[in-house]
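# Examination of the molecular architecture
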Amino acid sequence: MNIVECQNVRKAYGNKEALKDISFHIRENTITGLIGRNGAGKTTLLKVIAGYYHETSGDIKVFSSRPFNNLQVSTNMILIHEDMMLPSSLNLEELLRTGEHFYPNWNMELAFRLMNYFSLDPKQKHANLSKGMKSTFNMILGLCARCPLTIFDEPTTGMDAAVRKDFYRALLKDYLSFPRTIIVSSHLLNEIQELLEHVLLLKDGEVKLHLPVEELKSYALGVRGEASLVQEWIKDKDVLYETGIGIGYTYAVVRNTFVEEQRVQGLEFGSVEPTDVCVYLTNTSTGGIDDVL
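So, here is what we can say about the structure in this document. All values reported here derive from a predicted model rather than from experimental measurement.

On to the pattern of salt bridges. Working definition: two side chains of opposite charge can pair if their charged atoms are close together. Summed over the entire model, instances satisfying the criterion amount to 13 salt bridges. Residues Arg146 and Asp174 are paired through a salt bridge, measuring 2.6 Å at the closest nitrogen-oxygen approach. Note that Arg146 is positioned in the loop between α5 (131-145) and β6 (149-153) and Asp174 in helix α6 (residues 161-177), a separation of 28 residues in sequence. For Lys235, the salt bridge identified is with Glu232, shortest N-O distance 2.7 Å. Taking relative accessible area as the criterion, Lys235 reaches 61% and is therefore assigned exposed. Taken together, the shared-partner salt bridges in this structure form one network comprising Glu93, Arg97 and Lys123.

Here's what the structure looks like:
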C-alpha cells in the first residue's frame, strides 16, 4: 500500500518554482531519506505532504486522500521541524501530556525515559531550551506520537554528534518495535543511510533519483588514471563528476552501466559511496572546488 503518492506535483511562490513536476510514491512501513542541498525544495515538499501547503498543480494523495486541510491526514501524521510552534504557557511535561490526548498511539513511558536519558527537565519551558535541546525534545515528540506517517525535517539541527547518533539509534529501534512510514530529510546522507530503505534525492525542486539504498551503493563507478586514458574511456558514458588529480591525471565518476570486459589496463576502478553519489548528482557543475581555486 502506498502512503504517499505524488503525480506531477508543482509548487510555486509567485514566479519561483519550489517544486517542479515531481512524481514518486512511498510505501507503507518504510523509512525514506529525503536528501538534497539547502534550497532543493525538501521542506516545501514535506509541508505539501503534511497538508500545510496547497500544491499549485498536480495530484498528491496521503492515505489515499488529498492532504491539504484534511482532518484524516492530520490525525495520522506528525511533522517535526525546527520552527514548530508549541504553547509557551506549558512546560515540557505538560506538552507531553497534551500530546497523549492528540495521538492514539502515544507512548508516554517512552517519552519520560527519553526525557530522563537526554537530561531534559520536565518543568522547563520549550522556549527556554537551547537550539540543540529543542531539537532533542521535538525528536521525542515525533518518536512517541508513533503516527502512521512520521516526518522529520532536518531533525538534528543543533544536536552534538553523540546526541545525533543516539537519536538515529532510537528512531531505528522504535521503528522495529512499532513499524510506520517515516520520512527523514537531511543533507547528510552519510549519517542516516544505515537507517534507510529508500533515498529520494531532490535538486532544484526536481527528483534526481528515487531508489533503494542497496541500489544506490552500486549506482556509480569511479575511475582514475592518466587523463587521456580516462577521457577516452568515459567519452560515451554518463559522467556524473570529473576533476583533475595531480599533474596529468583525472578522476571521474560515471553511471555504473558497464560490464567487466570494458575495463582498461592502466585505469583504476572503484565503488563510490552513496553520499558522494548524491553530492555529484546535485553539483551545479562537473568539477570540484579545486577547479575554482
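Still more to cover.
Quick look at unusual backbone geometry now. Positive phi, close to 55 degrees, is recorded for Phe63, a residue that is not glycine. In this structure, Phe63 sits in the loop between β4 (57-62) and α2 (71-75). The backbone phi angle of Asp204 is positive, close to 50 degrees, even though this residue is not glycine. For Asp204, the position within the fold is in the loop between β8 (198-203) and β9 (206-212). On the basis of relative accessible area, Asp204 is assigned to the partly exposed category, the value being 45%.

Turning next to the sheet that holds strand β11 (residues 239-244). The sheet built from four strands is open, its strands ordered β11-β12-β10-β13 with antiparallel pairing. Lying at the two open borders of the sheet, with one neighbouring strand each, are β11 and β13 (268-271). Sheet twist, expressed as the mean angle between neighbouring strand axes with direction ignored, is 20 degrees. For strand β10 (residues 220-226) and strand β12 (residues 249-255), the ladder comprises seven bridges, and the chain directions are antiparallel. Bridged to Gly225 within β12 is Thr250. The sheet contacts of helix α10 (residues 274-281) involve β10, β11 and β12, and relative to β11 the element is tilted by about 90 degrees.

Before going further, it helps to examine the environment of Ala12. With respect to the helices and strands, the residue Ala12 is situated in strand β1 (residues 2-13). For the pair Ala12 and Arg97, spaced 85 residues apart in sequence, the C-alpha separation works out to 38 Å. Apart from the residues lying within four places of it in its own chain, the contact partners of Ala12 are Glu17, Ala18 and Thr56.

Cut-offs used in this document
Within any chain, residue numbers begin from 1 and follow the written order of that chain's sequence. Note on the predicted model: pLDDT of at least 70 is required for a residue's local features to be given, and 80 or more for side-chain atom pairs to be given and counted; whole-chain, interface and lining totals, by contrast, use all residues. Each side-chain value is derived from all of the structure's non-hydrogen atoms; neither hydrogens nor water enter the calculation. Should a side-chain nitrogen of Lys or Arg be within 4 Å of a carboxyl oxygen of Asp or Glu, the pair is scored as a salt bridge. The helix and strand labels rest on DSSP assignments: H or I over at least four residues marks a helix, E over at least two residues marks a strand, and numbering proceeds from the N terminus. For every residue, the accessible area obtained with a 1.4 Å probe (protein chains only) is divided by the maximum for its type, and the residue is called buried under 20%, exposed over 50%, and partly exposed between those limits. In this scheme, strands are said to pair when DSSP sees at least two bridges between them. Between N-to-C directions, angles cover 0 to 180 degrees, with each direction set by a line fitted to C-alpha atoms, over the stretch in contact for helices. Residue contacts are counted whenever heavy atoms from the two residues lie within 4.5 Å of one another.

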